[in-house]
Amino acid sequence: MTDAILGMLTPPVGNVLNVVAGVGNIGLDKVTRGVMPFLLMQIALLFVLVLVPDIILVPLHVLHPTP
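Residues numbered from 1 in each chain as written. Predicted model: local features only at pLDDT ≥ 70, side-chain atom pairs only at ≥ 80, totals over all residues. Heavy atoms only, no water.

Draft legend 1. A nonpolar patch on the surface, seen in detail. Residues Met36, Leu40, Ile43, Phe47, Val48, Val50, Leu51, Val52 and Ile55 make up a contiguous nonpolar surface patch of roughly 820 Å² in combined accessible area. A total of seven residues in the nonpolar patch trace back to one element, the largest contributor, which is helix 3 (residues 28–51). Locating leucine 51 in the fold gives a position in helix 3. Assessed through its relative accessible area of 68%, leucine 51 is described here as exposed. (Patch = residues over 30% accessible without salt bridge, like charges linked within 9 Å, V, L, I, M, F, W, Y side chains within 5 Å. Areas by Shrake-Rupley, 256 points an atom, 1.4 Å probe, with all protein chains shown as cover. Salt bridge = Lys/Arg side-chain N within 4 Å of Asp/Glu carboxyl O. Helix = DSSP H or I, 4+ residues; strand = E, 2+ residues; numbered from the N terminus. Buried < 20%, exposed > 50% of the residue type's maximum accessible area, 1.4 Å probe, protein only.)

Structural data, given as structure tokens:
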């Protein structure tokens, strides 16, 4: 899901940014600056999930413990 969010926010796709700029009648540069902290956190989260893949498996182990 994180990679899908990044794909919708960053070029060359960037559909979400274009829609927000059009609906809000705001310049694309202003929207991009507003989204930048969230984008950086999503990239950091993606790196953490790639480097420590066991984090993804924690809910599985909680819901279905192995005997």
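Draft legend 2. The arrangement of the packing of helix 2 (residues 15–24) against helix 3 in detail. At their nearest, the axes of helix 2 and helix 3 sit 9 Å apart, and the two run at 120° to each other. Classed by the angle they form, the pair helix 2 and helix 3 counts as oblique. As helix 2 runs across helix 3, the sense of the crossing is right-handed. Only Leu28, Val31, Thr32 and Val35 of helix 3 make contact with helix 2, whose side of the interface consists of Leu17, Asn18, Val20 and Ala21. A breakdown of the residues in the contact of helix 2 with helix 3 according to their chemical character gives six nonpolar, two polar and no charged. (Axes fitted to C-alpha atoms, helices over the stretch in contact; angles between N-to-C directions. Parallel < 35°, antiparallel > 145°, perpendicular 65-115°, else oblique. Left-handed = near helix turned anticlockwise from the far one by under 90°. Contact = heavy atoms within 4.5 Å. Nonpolar A, V, L, I, M, F, W, Y, C, P; charged D, E, K, R; others polar.)

Draft legend 3. Broad picture of the nonpolar core. In this structure, Leu6, Leu17, Ala21, Val31, Val35 and Leu39 together form the largest nonpolar core, which totals six residues. Secondary structure elements with two or more residues in this core: helix 2 and helix 3. The dominant element in this core, judged by the number of residues it contributes, is helix 3, at three residues. Once residues within four sequence positions are removed from consideration, alanine 21 is found in contact with Ile26, Gly27, Leu28 and Val31. (Core = buried A, V, L, I, M, F, W, Y, C linked by side-chain atoms within 4.5 Å.)

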